[in-house]
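Structural characterization, general
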Amino acid sequence: TTQPPQAPITSAPEATPETISTPPPEPRLPRPAPRKKRWGDRKDGRRVRTAYAMNRFMPFIMPERADAQNYFADELDVTNADAFCRQMAAEGLTNFSMLHLIIAAYVRTVSQKPALNRFISGQRIYARHRIEVNMAIKKDMTADSPDTCISVYFEPDDTIEEVYEKFNAVVAANKETAELDSGFDKTADRLASLPRPILRGVVRFLNWLDYHGWLPESLTHLSPFHGSLFFTSMGSLGIRPIYHHLY
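Reading the values: the criteria
Residues numbered from 1 in each chain as written. Predicted model: local features only at pLDDT ≥ 70, side-chain atom pairs only at ≥ 80, totals over all residues. Heavy atoms only, no water. Pairing = 2+ DSSP bridges. Helix = DSSP H or I, 4+ residues; strand = E, 2+ residues; numbered from the N terminus. Axes fitted to C-alpha atoms, helices over the stretch in contact; angles between N-to-C directions. Contact = heavy atoms within 4.5 Å. Buried < 20%, exposed > 50% of the residue type's maximum accessible area, 1.4 Å probe, protein only.

1. Re the sheet that holds strand β5 (residues 147-154)
Overall, mixed pairing links the 3 strands, which are arranged β5-β4-β6 in an open sheet. Single-partner strands in this sheet number two, and they are β5 and β6 (229-231). Averaged over all pairs of adjacent strands, the angle between their axes in this sheet comes to 25°, without regard to strand direction. With 3 bridges joining them, strand β4 (residues 131-138) and β6 adopt parallel strand pairing. For V133, the partnering residue across the bridge sits in β6 and is L229. Running over the sheet, helix α3 (residues 98-112) touches β4, β5 and β6 and is turned about 160° from β4.

2. Some thoughts on the pairing of strand β3 (residues 124-128)
Of all 5 residues in β3, 4 are buried, a share of seventy percent or more. With 3 bridges connecting them, strand β1 (residues 45-47) and β3 associate as antiparallel partners. Counted as the bridge partner of R47 is Y126 from β3. As paired elements, strand β2 (residues 118-121) and β3 share 4 bridges and run antiparallel to each other. Directly across from F119, in β3, lies its bridge partner Y126. Hairpin remark: β2 followed by β3, antiparallel, with 2 residues in the connecting loop; positive phi at G122, about 60°.

The structure is reproduced here in structure tokens:
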């Protein structure tokens, strides 16, 4: 018997901005009404009362953040993603980059997998009220430029264009002045000016309040350590990916 001739194997054409098509936007569903606060909820999240027993027990046997750290390295083909970024920039989103695409992908993932937006405080599991992405930025791309932190809030149904606009608006607002004049910077400056023994006592007291869920909302709103994600853009500095510690 003879084998039938096989068709030659050809590689797929390389993606370009012209070959990437953007699907039409789907109509938005009405957003659910805010949940009523119950006893045991925090200002920045509601207590998860339906978690499995093992998940509720793990914070007691692994109480430190380092206990939950996992590192891994992977490589992804970003040919299509790069072409999509170029297309978005050509369509008017002038500085659209991989940064915006990754944040938009994270927002969409959390909208489909909301359990990713949970956190542990006081050895209890909470579901965060909103999607908050935090990031350290420089006022200017120079070595002497001061660093500051920004917080950007997103809705689960935000489109990629809305993610781009919200993120860029917060960055632009923080770069309007050279001074460190954001709420986070002013609060950090006041605390850092305290004598060391007093500052250590204040930090212990704030950690105690946070453990019990009593930290004022004004502070959780300013804190870059109370968000869904802390994003570090090493590509903007020309640095390869790093293994970052947990906040």
